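# Structural features, examined
The residues making up each chain are set out below.
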Amino acid sequence: MASILDRFHDFIWNEQFWLGDDARWEDFISSDPSVYYPKISHMNWSIVVGIVLVFVRLIYESVLIKPLGHWLGLKERKSISLKESPQLEAAFKTYKNKVPRNEVLKLVKQTDMTERQIQRWFFKRRILQMPSSMYKFRECSWHVLFYTTSFCYGMYALWDKPWLWVTVNCWVGWPKQHIDNDVFNLYLVELSFYWSLLFAIFFQRDYQKKDKKEMVVHHLVTILLIYFSWACNFVRVGSLVLVVHDFADPWLNIAKMAKYAKYQTTCEIFFGMFILTWIISRIFVYPFWVLNASAVEIHDYVTTFPAYWFFNGLLFVLQLLHIMWTYLILSIAFQKLTLGSIEKDIRSESDSEISDSTTEETTKNNKAAVTNGVSQKGAQHSNNL
């Protein structure tokens, strides 16, 4: 049994794949207590820290953000009673927001409900799936806190590091590149944050995001990439990637918070700041600073190997996504210039949202809402940014 496990371990951590000809796993073992090289097992503490961050978030939102949201006029959505029905729930999950009428007629025969009652049930079920403005306000506030803190700490941690200013130093001396406490903490906290986002998705019961699967994949890929760069001691270039990507996110989330609180002018000001910081960081700094280091400068110091090509390929895919997202963001800015207001949602999740006031009023008048087709129009009157 032990020999099988040993062979499996050797297969997973094959040196030729992960390190190539220039390094061995023994190179990451230091006999000097003051010299630390990355150990993959140490990053497993990020799972524990991620759980702690979930509780920190709950306290932060409950103590500070919810009172702030109430002061700004945001309200929690009132609970909606919904009759349990496995048949209707299965149809809702299958067809989402558009249940065909022929399917509704089948459900009439399978349940003791009329067609109108079934339509009302689906309307209520859609409401339950949608986040309230207060929930999204709280969620954005957490992202503002984390991304602002992580960017500031990242700059503090890297300010005196030679690879921040001369990126060729990302590779000088590889693989024996010492990692200090500041860079270790930056990696640990960033990895823990994405664990906490993953945990929040699985344990969220208030509503289910439309892009839940996509967000799970995104967080898992991010977690794997951080682990990946740590295992190969690509920590220097990895730390640059983390800092660059934290720069623009706070401005976007502040803009969204202003939108949910119905401060449109403030929203558009911060959205403008987001566009500026996004273009600087994702269109100029990232490709000409980070990608240049990982794709061009590395070849003078490191003999490339399979794991490098995989890692670098993902960095290039990320840049393609930056270009695509930039096009979408600039389309929204053009919309503001031509129409006078921002109507489309710039969030990563594109779930439709019914405003709290509309939801409350329409829920009280379900019969009239369904009869007049308001249930279909409600999603159009959203608070999307």
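Residues numbered from 1 in each chain as written. Predicted model: local features only at pLDDT ≥ 70, side-chain atom pairs only at ≥ 80, totals over all residues. Heavy atoms only, no water.

## Regarding the overall build of the protein chain
Across its full length, the protein chain holds 17 helices and zero strands. The burial tally for the protein chain puts 47% of its 385 residues in the buried class. Counting only carbon and sulfur atoms, one obtains 65% of the accessible surface of the protein chain, whose full area is about 20,300 Å². (Helix = DSSP H or I, 4+ residues; strand = E, 2+ residues; numbered from the N terminus. Buried < 20%, exposed > 50% of the residue type's maximum accessible area, 1.4 Å probe, protein only. Areas by Shrake-Rupley, 256 points an atom, 1.4 Å probe, with all protein chains shown as cover.)

## Notes on the packing of helix α4 (residues 86-95) against helix α5 (residues 101-110)
At a minimum axis distance of 10 Å, the contact between α4 and α5 shows a crossing angle of 165°. When the axis of α4 is compared with that of α5, the two are roughly antiparallel. The element α4 and its partner α5 pack so that their crossing is right-handed. In contact with Gln-87, Leu-88, Ala-91 and Tyr-95 of α4, α5 contributes Glu-103, Leu-107 and Gln-110. Within the contact of α4 with α5, the residues separate by chemical class into four nonpolar, two polar and one charged. (Axes fitted to C-alpha atoms, helices over the stretch in contact; angles between N-to-C directions. Parallel < 35°, antiparallel > 145°, perpendicular 65-115°, else oblique. Left-handed = near helix turned anticlockwise from the far one by under 90°. Contact = heavy atoms within 4.5 Å. Nonpolar A, V, L, I, M, F, W, Y, C, P; charged D, E, K, R; others polar.)

## Observations concerning a nonpolar patch on the surface
A surface patch of nonpolar side chains, about 560 Å² in accessible area, is lined by Val-317, Leu-321, Met-324, Trp-325, Tyr-327 and Leu-328. Given a relative accessible area of 42%, Met-324 falls into the partly exposed group. (Patch = residues over 30% accessible without salt bridge, like charges linked within 9 Å, V, L, I, M, F, W, Y side chains within 5 Å. Salt bridge = Lys/Arg side-chain N within 4 Å of Asp/Glu carboxyl O.)

## Structural notes on the side chain of Thr-167
Its location among the elements puts Thr-167 in the loop between α8 (162-165) and α9 (181-203). Take Thr-167: its relative accessible area is 7%, and that puts it in the buried class. Not counting residues up to four positions away in its chain, the partners in contact with Thr-167 are Leu-240, Trp-289, Ala-293 and Glu-297.

## A few points about the pattern of salt bridges
Counting across every chain of the model gives seven salt bridges. The partner of Lys-161 in a salt bridge is Asp-160, and the shortest N-O contact between them spans 2.9 Å. Classification of Lys-161 by relative accessible area gives buried; the value is 8%. Note that Asp-249 is salt-bridged to Arg-282, the shortest N-O span being 3.7 Å. Here the residue Asp-249 occupies a position in helix α12 (residues 249-260), and Arg-282 occupies one in helix α13 (residues 264-295), the gap between them amounting to 33 residues.

## Describing helix α14 (residues 306-339)
If you check α14, its first and last C-alpha atoms are 50 Å apart, about what 34 residues at 1.5 Å a residue would give, namely 50 Å. Among the residues of α14, Ala-307, Tyr-308, Phe-311, Asn-312, Leu-315, Gln-319, His-322, Thr-326, Ile-329, Ile-332, Ala-333 and Gln-335 are the ones counted as buried. (Expected span 1.5 Å × (residues − 1).)

## Things to note about unusual backbone geometry
Look at the link from Trp-174 to Pro-175: it is a cis peptide, with omega at 10°. Inspection of the secondary structure puts Pro-175 in the loop between α8 and α9. In the Ramachandran plot, Asn-233 falls in the positive-phi region, its phi being about 60° despite a non-glycine side chain. Notably, Lys-262 is not glycine yet its phi reads approximately 65°, a positive angle. Structurally, Lys-262 is set in the loop between α12 and α13.

## So, the packing of aromatic side chains
By the definition in use, this model includes 31 aromatic pairs. Ring geometry for Tyr-60 against Trp-142: centres 6.0 Å apart, planes inclined by 55°, an arrangement best described as tilted. Residue Tyr-60 is located in helix α3 (residues 45-71), and its partner Trp-142 is located in helix α7 (residues 133-158); the two are separated by 82 residues in the primary sequence. Note on Tyr-60: relative accessible area 18%, which makes it buried. Here Phe-146 and Tyr-147 contribute two aromatic rings whose centre-to-centre distance is 5.7 Å and whose plane-to-plane angle is 70°, an arrangement assigned as edge-to-face. Exposure class is identical for Phe-146 and Tyr-147. Each is buried. (Phe/Tyr/Trp six-rings, centres within 6.5 Å; stacked < 30°, edge-to-face > 60°.)

## As for the packing of α3 against α9
Closest axis-to-axis distance for the α3/α9 pair is 7 Å, and the angle between their directions is 60°. Where α3 crosses over α9, the handedness of that crossing is right-handed. For the pair α3 and α9, contact is made by Trp-45, Ser-46, Ile-47, Val-49, Gly-50, Ile-51, Leu-53, Val-54 and Arg-57 and by Leu-188, Leu-191, Ser-192, Phe-193, Trp-195, Ser-196, Leu-197, Phe-199 and Ala-200, respectively. For the contact of α3 with α9, the class distribution of residues is 13 nonpolar, four polar and one charged.

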